[in-house]
Amino acid sequence: MLNFINQLPKAELHLHIEGTFEPELMFAIAKRNNIEIKYNSIEEIREAYNFNCLQDFLDIYYAGAAVLIHEQDFYDLTWSYLEKCAEQNVRHTEIMFDPQTHTKRGVSFETIINGISRACKNAELKLNVSSLLIMSYLRHLSEEEAFETLQESLPYKHLIKAVGLDSSEKGNPPSKFKNVFEASVKEGYIPVAHAGEEGPA
């Protein structure tokens, strides 16, 4: 049955790229960038992925994101995921990414988008996997900060199809971002729903 499912052509329509970090790759990039992480082994990272709630997932999510610094890091993360897509006959994927998670650490928007988009272009050519990118605003940050991210994205909007929301939902309803979504639509981005504990974004 699993072999039959793997052979079927598929599309993945909701995927957070930072959440796809394989333990082995997380360890390798952390070592390459001389970054200490709170997990002492690949096995500990793998165990952390057995989460029971959104916050547990976010803890491992942000721990992995913290090792991403250079364009090649974002490329390697995205390429690793896209190789898995090819193995499982996923022919198209819609990838969400969180620029604010990285720009808040001093990583430039250019570094993030160039690494991710280069992997996507190569996957279409070499793996026959098409993709589009969805830029996410972080719910736990302010709408003003989301507006800053929107402005940073404009030189690269030919690489980005849509905008959405993610991160901590409690106390951060979609209505908090009404104005920035309206501005994003005016710039040509498609708004996408992100269903969660408090309903669609």
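Details of the structure are given in the entry above.
Counting restarts for each chain: residues are numbered from 1 in the order of the written sequence. Totals for whole chains, interfaces and linings use every residue, but because this is a predicted model, local features are given only for residues with pLDDT of at least 70 and side-chain atom pairs only at 80 or more, for both listing and counting. The side-chain quantities take in all heavy atoms of the structure and omit both hydrogens and water.

1. As for helix 8 (residues 143-153)
Then comes step 1: Those residues of helix 8 that sit buried are E143, E145, A146, T149, L150 and S153. One side of helix 8 holds all its buried residues, which, seen down the axis, span an arc of 155 degrees.
Then comes step 2: Residues are treated as being in contact if the distance between any of their heavy atoms lies within 4.5 Å. Secondary structure elements are defined from DSSP: runs of H or I of at least 4 residues count as helices, runs of E of at least 2 residues count as strands, and each element is numbered from the N terminus. On the buried face of helix 8, the contacting elements are helix 6 (99-103), helix 7 (109-126), strand 3 (130-138) and helix 9 (178-186). Under the scheme applied here, a residue whose accessible area is under 20% of the maximum for its type counts as buried, over 50% as exposed, and between as partly exposed, the area being computed with a 1.4 Å probe on protein chains only. Note that the arc is defined by the directions from the helix axis to the C-beta atoms.

2. Regarding the sheet that holds strand 1 (residues 10-16)
Then comes step 1: When DSSP finds at least two bridges between two strands, those strands are taken to pair. Strand order in this open sheet of five strands is 1-2-3-4-5, and the pairing throughout is parallel. Looking at the sheet topology across the chains shown, the edges are occupied by strand 1 and strand 5 (190-191).
Then comes step 2: By the bridge criterion, five bridges tie strand 3 to strand 4 (residues 162-166) in an arrangement that is parallel. Across the sheet, residue L138 finds its bridge partner in strand 4, namely D166.

3. Let's talk about the environment of H140
Then comes step 1: Assignment of secondary structure puts H140 in the loop between strand 3 and helix 8.
Then comes step 2: Accessibility expressed as a relative area gives 37% for H140, which makes it partly exposed.

4. Digging into the side chain of T149
Then comes step 1: One can find T149 in helix 8.
Then comes step 2: A residue is classified by how much of its surface remains accessible, and T149, at 2% relative accessible area, is buried.
Then comes step 3: Beyond its immediate stretch of four places on either side in the chain, T149 contacts P99, Q100, F109, M135 and Y137.

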